[in-house]
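So you can see what is in the structure, the chains are spelled out below.
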Amino acid sequence: MAKSYPVLAWPAVPTPTPDEVYKGESDKAKEYALWLEENLRQSKNFEKPEALTNIRVLDCTSTMIIGHWCSSLFAELGAEVIMVEPPGGDPLRKLTPFGRREYMFKDSATGEEVGARFLAEARSKQSITLDLTKAEGREILKELVAHADVIVENAPPGQWDEWGIGYRQLSEINPRLVYCWVGQLGQWGPLKDKPGNLDPTAQAACGFVHGTGAPVAFGGTPTRSGWWMADQVGGTGAAIGIMSALYYREQVSGRGQFVEATAAAGVMRILDYNWAWYGVDGSIRPRYGNWDLAINIYAVNPCKDGQIMVGGGHDRLWYRIWRTVGKDRPDVEQHIVEDPNMREVTARLPHYRQVETYTSLCEWMKDNTRSEAETKLQAEEVASGGVSFIDEVCEFPHYKYRGHMEVIDDVHYGKVLIGSSAFIGQRTPGRVKWIGRPTGYDSEDVYRRLIGLTKAEMDSLKAKGVI
Amino acid sequence: MATVTAKMTFEEYCRSVFDPKKVFSKPEPLKGTRFLSCTQYILGPSCANYLAELGAEVIKIELPRRGEPMRHTTPFNEPKLYPLSKWMPEMGTGLGFFGANHNEYFLAVDFHKPEGQEIVRMLAAKCDGVVENYRAGTFDRWGISYRQLSQINPRLIYQWLGGFGGWGPGRKRASYDILGQAQGGCFSVTGWPLDKGGLPSKQTIWIMDYWGGMMAAFQILACMYWRDNISGLGNFMEYSQVQGAQRHLSDCIALYGRYGLVPQRWGNWDALLCVHGIIKCGKSSYPNSKNPQELEEGFILVSAYTDADFAKLMRLIRREDLEKKYATRDERIKAESQYEIYPALEEWAKDKTKEQVRDILNREGFNNQPVWNSKEVSNQEHFHLRGELEWLDDPHFGEVQSQGPAFHLSESPARHKWALKPVGADNEFILGKLCGFSKTKMAELEADGVI
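Residues numbered from 1 in each chain as written. Chains lettered and ligands numbered in written order. Predicted model: local features only at pLDDT ≥ 70, side-chain atom pairs only at ≥ 80, totals over all residues.

Caption draft 1: Fine view of the sheet that holds strand β8 (residues 258–262) of chain A. One open sheet holds the seven strands; their spatial order is β5(A)-β2(A)-β1(A)-β6(A)-β7(A)-β8(A)-β14(B), and the pairing between them is mixed. Pairing within the sheet leaves two strands with one partner each, and these edge strands are β5 (125–129) of chain A together with β14 (407–409) of chain B. Averaged over neighbouring strand pairs, the angle between their axes works out to 20° when direction is ignored. Summarising the sheet, strand β6 (residues 150–153) of chain A and strand β7 (residues 178–183) of chain A pair through four bridges and their orientation is parallel. Following the sheet pairing, A:Val150 is matched in β7(A) by A:Val178. Packing of helix α3 (residues 66–76) of chain A onto the sheet brings it into contact with β1 (56–59), β2 (80–85), β5, β6 and β7 of chain A, and relative to β1(A) it is tilted by some 165°. (Pairing = 2+ DSSP bridges. Helix = DSSP H or I, 4+ residues; strand = E, 2+ residues; numbered from the N terminus. Axes fitted to C-alpha atoms, helices over the stretch in contact; angles between N-to-C directions. Contact = placed C-beta atoms within 7 Å.)

Caption draft 2: Spotlight on the pairing of strand β12 (residues 389–394) of chain B. Residue and element names in this part refer to chain B. Here six bridges tie β12 to strand β13 (residues 398–403), and the two strands are oriented antiparallel to one another. By the bridge assignment, Trp391 is partnered in β13 with Gln401. Connecting the antiparallel pair β12 and β13 is a turn made up of three residues.

Caption draft 3: Spotlight on the interface of chain A and chain B. The partner chain B presents 152 residues to the 153 residues of chain A that form the contact. Alignment of strand β14 (residues 424–425) of chain A against strand β8 (residues 235–240) of chain B, held across two bridges, turns out to be antiparallel. Within β8(B), the position partnered with A:Gly425 by the bridge is B:Met237.

Caption draft 4: Just the domain arrangement of chain B, in detail. Assigned domains of chain B: these are domain 1 (24–247 + 389–447) and domain 2 (276–378). Each of domain 1 of chain B and domain 2 of chain B was reduced to a C-alpha centroid, and the two centroids are 41 Å apart. (Domains from an automatic or database assignment.)

Caption draft 5: Structural context of the environment of B:Ile341. Along the polypeptide, B:Ile341 turns up in helix α15 (residues 335–349). When the C-alpha atoms of B:Ile341 and B:Val275 are compared, they prove to be 8.0 Å apart, with 66 residues separating the residues in sequence.

Caption draft 6: Quick peek at the domain arrangement of chain A. What the domain assignment reports for chain A is domain 1 (56–269 + 406–463) and domain 2 (298–388). Centre-to-centre, using C-alpha coordinates, domain 1 of chain A lies 43 Å away from domain 2 of chain A.

Caption draft 7: Broad picture of the packing of helix α10 (residues 229–253) of chain A against helix α8 (residues 207–231) of chain B. α8(B) packs onto α10(A) with a crossing angle of 20° between their chain directions and a minimal axis gap of 9 Å. Between α10(A) and α8(B), the interaxial angle falls into the category roughly parallel. Here the hand of the crossing between α10(A) and α8(B) comes out left-handed. Together, A:Val233, A:Thr236, A:Gly237, A:Ala239, A:Ile240, A:Met243, A:Ser244, A:Leu246, A:Tyr247, A:Glu250 and A:Gln251 of α10(A) and B:Trp211, B:Met214, B:Met215, B:Ala217, B:Phe218, B:Leu221, B:Ala222, B:Met224, B:Tyr225, B:Asp228 and B:Asn229 of α8(B) make up the contact between the two elements. (Parallel < 35°, antiparallel > 145°, perpendicular 65-115°, else oblique. Left-handed = near helix turned anticlockwise from the far one by under 90°.)

Given below as structure tokens:
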């Protein structure tokens, strides 16, 4: 079954050079952009310091992505992140789309396989194994905690507390510890998590799924996000909470604290105006497909070879869009701009006006490919862009040029293309050092370095299945 | 204190330390820090908002009179909060503005005018940071970007946010949330496959804006940590909205880079686990409702991905044949297996509401989650008890239901003090406090349209 696949050349089309990008621009016009490049280019990242260089994070989460996502953000900004995995590894390592093992990534030395989902968030982290279901494992965790600034866990609610390693107990050992629990709906309250709850539980529970997808009249159903979006939003919330607690510890209190972040809370925080709208008049936010309830024009609609986004809510852009359309279809432009009901920004928002808008716009777009429509609209400085698939994303010149994705030439996993750190900065930019580690690869280093275990002690613990 | 909490059950302990009612008796982690928010739409404003939730004094600068565009953005042009400003009492702020501007002070300044730019310089001298999302280079041209402001205040942390970033071949392109989602790759993996009648789909939220703001807020906090504990230095950061999409889809990118795979959409099922998908129940939970939202059939997430749970679930729906056929994880997770398993579940659920399915699954011990709309979510005791939803007694707009912060802290929690204010509501307070302007001077500036 296992076939070997050649590593594809990336990029397939060469990345543009700075000379090509800034060709024909006056010195004055390109000066600011070049200053930005000089200060922000990721190729200089490793000449620069890291913001979180003296922070150590123990990521004790498994099976879901929320905790790994959270600790990735710390790792990208320089924290030492140690993943504490159960012996045998986080079960997430084994997950691969549709069970297709031929699409996993192999450690060159041992052949151990890991799926892309886990590997993408193992960046720059170390891996140790520890069995926390055993009392001896928990004693070792307590010793590790004495050396940690942050610990993140996602055990079933109250599990660690019952085991004597909850915040109440660990803060006695290390009062400076910032302890964060992450999960779907919470570790307390009437809907608290049950063992095995995973994203998209929070997506479904917070109104996201109800609101995503087309209305029934357009043949749609409630729709989940195509990736574990709620975990990634919730994990970002967790990172902000932890970081604020670290800042507060250093500036004010000298003590750590107990943090809780959930996928539901993260998504609910950013779910636009849903709660206010219901509060104002009892409205239930409807699904509105690829249109927007509150802005017109601001939508993705079909065109000749796929779908394209066109956006321009306010008047200046509104008329530019119709001017662009009018070059090919003066009748369509005339229909819209001569309609007295479409002149005010807010007057264009009711549903039947949106239907009129997009029906007219599609009259023009059906004869244009994504690329043709985009080119014509951008000539008028209108925000527009085709719906892009992953191959198109990876080859998009702007993204390649800016390093939105990069090849990590990894000691264990070979060349892996990943989405790079989104933290672009002048003095302390984010970066990815290695793509991941095989299960328990760093056990010996971490146990020796942090808690002084000898080889003999480690062998004995290994034999007992503790590490 | 410690002995009291040690005796509580874990549930009681959590309720006590995370109680949203006690939030205002606890300190704020960013007390004493100050940020300028020169932002509009959602990406920049939300970033500054997360800092304001944590206790930073955030001064939001908008154009005088009409304010920023999101104030004129509201679903179907219906809900609004009055007044827009003291100059325009007959207009209201649309709910598009809601959720990205909590706790802030609202200052109206016209950046285009030299007097307005001078006010920004005076304020930046007294700030920890600036959050800005105008077109890259615009503030530089006006003499109020990082290059100039860091001369006045070397400790300044300056976060620029925008669509495509200020350098590279697409640097002049405009972007919005939905463009970040579309051209960034998010649409391509969300929605049903074509043979199920689906198209690439938007995430309902302005996620690339709101979540991008979170990413930038995290980076700002890390830079504050570095400045105040290690280096004493300020920083300049750039956040590109379209890049956020690639960060989200890193695993898809890895599969493309190694194997040339182009991950596609898989509807409400899951490519990694089975059963772990959302199914349609045949009956509406509210058949007599006048709201078409409530007449729809219900949907529910069903989760039974271990061998034992799957076998039990198939027995529950009387499909022992599938139990045998798909006994192992590797068999179940295949695409063609999912095309057989989920329809079988929907067949079983077709004469039930989502609550009936939930009750059966709860009784049998299966993880599940009904798909709730914003009314159903708003009525969950869980979210109000925990502070994920809250009723704010807003000084300008009265009782408004709001989202709470995205996380809970036991000692220095984030909080919401007010939802928003009219345009320029804090002109006198901020300009008096930080710029020392007199009543006469402010009246002149107002007459000239500067504030």
